[in-house]
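# Close look at the chain arrangement
If you want the building blocks of each chain, they are given just below.
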Amino acid sequence: MAQPYAFSLSESLMAANAGVSLKSTHFDVDAILKMYDAVKPLAAEFGIKAPRPRLAGFGYPHVVSLGVPVEFPEDGEPNVFPLIHAPEEIDHLKEPADYLAAPLIQQRLNICKELVKRRSDAVPNFIGHILEGPITTAVLLMGHDFLTLPYDDPKRAHRLLSFCTESALHYIEALHRHFNLDFPVKPGPRGIPDDFAGMLPPEMFGEFVVPYWNRIYDGLKATERNLHSELLRESHLPFLRELNITRYDPSADQYLTPELLRRSCPCLFMSRILSWDIRDLTEEQLDQRYRKIAESKPYIITFALDDMSRIGKIKQLLKLAREMEK
């Protein structure tokens, strides 16, 4: 049976290849265009389609719209800082009158507009990933203190999760209206990421995760439900059936091996060759790892180049992936 794959070039690699900082790819149109133009020869070398210019990936526009402060290191991932410092503050949470009024949101909207104006091949209507799941959003708003809240104050935990869920849907509505996109959204496949959900044990999952995931999928009119969550355990997997999840991405989940997922996952699942595998393993070992993963029959195996020193390994891995896809 053919084994599908997906290969990409990481944003950190593309920025380094162009000699620009990661921070600049969030704020500087010239740096963004330079990065995407510079990557074209590299994409051609790998025989893949060059990625289209867009703002750097950013998972936090929704929480930014709620007032969460963000720091952008020169060459690292953005960092967010909690907005809630005591459980009692949850009682006073209010949705913003205008979800797009935050200065950083306005800045990204303007950069997106300028990108599309300057380049017809730029990705339109993109200022960042649409949302984080409710558990992750609660952690972003409150910090890791949220993870004890379901034990210490379950009513406030539910209040915060409800706020995270409804405000996410309202943020999406505001963004769709701004870009003159269909709203209510037309039914279709939808995905949500919620990496911190697995921090809640299975005995709490049905109460504190399932209803909020269902609300988001229903609010987005999902005809297929795709999930990215990288801290689940095997004992969480039955909930994927209850939630009617279509495809599951465990990302870098250390607890869920492809073999375990083949045995216990109730839906299609993705597997990855991870960055540290590519760094640490020889070409022969990577070949063996890829073939071993394929034996578990994931619906796709993904991998990426994020360091120019690994080009030789990636070319060999890409050759194998193409052969096995046939």
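Shown above is the structure to which this text applies.
From a predicted model like this one, the values you see are computed outputs, not experimental measurements.

Moving on, we come to the environment of Val 210. For Val 210, the position within the fold is in helix H11 (residues 210-219). Separated by 86 residues in sequence, Val 210 and Ser 296 place their C-alpha atoms 27 Å apart. Not counting the four nearest positions on each side in its chain, Val 210 is found in contact with Phe 205, Phe 239, Glu 242 and Leu 243.

Another point: the pattern of salt bridges. Tallied over the entire structure, the rule returns 23 salt bridges. Here Asp 37 makes a salt bridge to Lys 40, at a shortest N to O gap of 3.6 Å. The class for Asp 37 is partly exposed, based on a relative accessible area of 33%. One salt-bridge network, held together by shared partners, links Asp 37, Lys 40, Arg 119 and Asp 121.

Here we take up the packing of aromatic side chains. Scanning the entire structure with this criterion turns up nine aromatic pairs. Here Phe 27 and Phe 72 contribute two aromatic rings whose centre-to-centre distance is 4.8 Å and whose plane-to-plane angle is 80°, an arrangement assigned as edge-to-face. Of this pair, Phe 27 sits in helix H2 (residues 24-27) while Phe 72 sits in the loop between strand S2 (70-71) and strand S3 (79-80); the two residues are 45 residues apart in sequence, bridging distant segments of the chain. What makes Phe 72 buried here is its relative accessible area of 11%. With a centroid separation of 5.5 Å and an interplanar angle of 85°, the aromatic rings of Phe 58 and Tyr 60 are classed as edge-to-face. Classification of Phe 58 by relative accessible area gives buried; the value is 2%. The aromatic ring of Tyr 255 is capped on one face by Arg 233, whose charged end is 3.7 Å from the ring centroid. The positively charged end of Arg 247 is found above the aromatic ring belonging to Tyr 299, 5.3 Å away from the centroid.

Across two bridges, strand S6 (residues 245-249) lies against strand S7 (residues 268-272) in parallel orientation. In the strand pairing of S7, Arg 247 is matched with Leu 268. The parallel pair S6 and S7, bridged by helix H13 (residues 258-264), forms a crossover whose chirality is right-handed. The pairing of S7 with strand S8 (residues 300-305) spans three bridges and is parallel. Looking across to S8, one finds that Ser 271 is bridged to Ile 301.

About the criteria used
- Residues numbered from 1 in each chain as written.
- Predicted model: local features only at pLDDT ≥ 70, side-chain atom pairs only at ≥ 80, totals over all residues.
- Heavy atoms only, no water.
- Helix = DSSP H or I, 4+ residues; strand = E, 2+ residues; numbered from the N terminus.
- Contact = heavy atoms within 4.5 Å.
- Salt bridge = Lys/Arg side-chain N within 4 Å of Asp/Glu carboxyl O.
- Buried < 20%, exposed > 50% of the residue type's maximum accessible area, 1.4 Å probe, protein only.
- Phe/Tyr/Trp six-rings, centres within 6.5 Å; stacked < 30°, edge-to-face > 60°.
- Lys NZ or Arg CZ within 6 Å of the ring centre and 35° of its normal.
- Pairing = 2+ DSSP bridges.
- Right-handed = clockwise from strand over helix to strand, strands pointing away.

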